[in-house]
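# Examination of the molecular architecture
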Amino acid sequence: MKNKMIVRILAVACAAALAACALAGCQSPATGATDQQQANRTYMTKVNQAVEDLNLRLADFDEAVAQGNAVNMRTKADDAFAAIDALQAVDTPDAMKDLQQNYVDGCTKLKDALSAYIDLYTEIDSATEEHPFDYATYDDRLKAVQDAYNEGIDKLKAADEEALKLNED
């Protein structure tokens with residue numbers, strides 16, 4: 001089904017982007033670090049751990065999509081949202097506040113896209129003859145999901161670029 005393929009692509013791309021973002025910030029010299037540099041590295045380590053957790057939870061969501069069970073998809077999405085919330089709660093050094101905000105903004109957009117997809121899938125799944133799904137809105141709603149996803153990925157890419165720049169300094 002077209003919907004299942006889209007959500008799988010969304011989940012895998014999200015996981016890959018987040019992993020790349022987190023790993024990019026972890027590359028810094030281990031010698032002669034100042035307290036600020038150590039705090040930045042600790043922050044990036046925590047971000048990396050949160051992203052790894054998110055990747056695992058998104059894989060579980062992907063399995064729920066494959067099963068086609070809307071309730072299970074919502075449960076697994078909520079688990080992924082908990083990992084995103086953990087990323088948002090990471091103690092952030094002042095020098096990394098903008099970077100953190102880019103990660104949070106990107107994750108929030110991805111969260112919105114995932115929620116919108118589940119809502120769309122649930123509406124289709126629960127449609128009956130008496131209350132059919134309005135397929136006239138399907139393409140627009142799916143485009144809105146894709147647009148939110150793309151915006152989230154763009155924000156994560158911006159965070160990744162910022163992390164690379166901070167690593168060069």
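Residues numbered from 1 in each chain as written. Predicted model: local features only at pLDDT ≥ 70, side-chain atom pairs only at ≥ 80, totals over all residues. Heavy atoms only, no water.

On to the overall build of the protein, then. For the protein, the count of helices and strands is five helices and zero strands. Going from the N terminus to the C terminus, the protein shows its helices and strands as α-α-α-α-α. Each of the 169 residues in the protein was classed as buried or not, and the buried ones make up 40%. In the protein, of all internal contacts separated by at least 6 residues, the share reaching a separation of at least 24 is 76%. Here the protein displays about 9000 Å² of accessible surface, and carbon together with sulfur accounts for 51% of that area. (Helix = DSSP H or I, 4+ residues; strand = E, 2+ residues; numbered from the N terminus. Buried < 20%, exposed > 50% of the residue type's maximum accessible area, 1.4 Å probe, protein only. Contact = heavy atoms within 4.5 Å. Areas by Shrake-Rupley, 256 points an atom, 1.4 Å probe, with all protein chains shown as cover.)

Orientation of helix 3 (residues 70-88) relative to helix 4 (residues 97-125), taken along the N-to-C sense of each, is 170°, at an axis distance of 10 Å. The orientation of helix 3 with respect to helix 4, classified from their angle, is roughly antiparallel. For the contact of helix 3 with helix 4, a count of residues per class yields 12 nonpolar, five polar and five charged. (Axes fitted to C-alpha atoms, helices over the stretch in contact; angles between N-to-C directions. Parallel < 35°, antiparallel > 145°, perpendicular 65-115°, else oblique. Nonpolar A, V, L, I, M, F, W, Y, C, P; charged D, E, K, R; others polar.)

The next thing to look at is the nonpolar core. One finds Tyr 43, Phe 61, Met 73, Leu 87, Leu 99, Tyr 103 and Leu 114 to be the most contacted residues of the largest nonpolar core, which totals 36 residues. Elements that contribute at least two residues to this core include exactly helix 2 (35-67), helix 3, helix 4 and helix 5 (138-168). At 10 residues, the largest contribution of residues to this core is made by helix 2. Ranked by size, the runner-up nonpolar core spans five residues in total, among them Ile 124, Phe 133, Tyr 138 and Leu 142. (Core = buried A, V, L, I, M, F, W, Y, C linked by side-chain atoms within 4.5 Å.)

Right, let's talk about the packing of helix 2 against helix 3 for a bit. At their nearest, the axes of helix 2 and helix 3 sit 8 Å apart, and the two run at 170° to each other. Regarding the angle of helix 2 to helix 3, the classification is roughly antiparallel. For the pair formed by helix 2 and helix 3, the contact residues are Val 47, Ala 50, Asp 53, Leu 54, Arg 57, Leu 58, Asp 60, Phe 61, Ala 64, Val 65 and Gln 67 on the first element and Asn 72, Met 73, Lys 76, Ala 77, Asp 79, Ala 80, Ala 82, Ala 83, Ile 84 and Leu 87 on the second. Looking at the contact of helix 2 with helix 3 residue by residue, the classes come out as 14 nonpolar, two polar and five charged.

We now examine the pattern of salt bridges. What the rule picks out here adds up to seven salt bridges. Linking Asp 53 and Arg 57 is a salt bridge whose minimum nitrogen-to-oxygen distance equals 3.1 Å. With Asp 53 and Arg 57 both in helix 2, this residue pair falls four residues apart, about one helical turn. A relative accessible area of 24% places Arg 57 in the partly exposed class. Its salt-bridge partner being Lys 143, residue Asp 147 comes within 2.8 Å of it at the nearest N-O pair. On the criterion of helical spacing, the pair formed by Asp 147 and Lys 143 is a turn pair, its members being four residues apart in helix 5. The exposure class assigned to Asp 147 is partly exposed, which follows from its relative accessible area of 38%. Ionic contacts of the salt-bridge type, sharing partners, join the residues Arg 74, Asp 78 and Asp 119 into one network. (Salt bridge = Lys/Arg side-chain N within 4 Å of Asp/Glu carboxyl O.)

Scanning all chains against the criterion turns up three aromatic pairs. Considering the side-chain rings of Phe 133 and Tyr 135, the 4.7 Å spacing of their centres and the 80° angle between planes classify their relative orientation as edge-to-face. Where Tyr 135 meets Tyr 138, the ring centres are 6.2 Å apart and the plane angle is 45°; that geometry is what we call tilted. Through a chain of ring-to-ring contacts, three or more aromatic side chains come together here, namely Phe 133, Tyr 135 and Tyr 138. (Phe/Tyr/Trp six-rings, centres within 6.5 Å; stacked < 30°, edge-to-face > 60°.)

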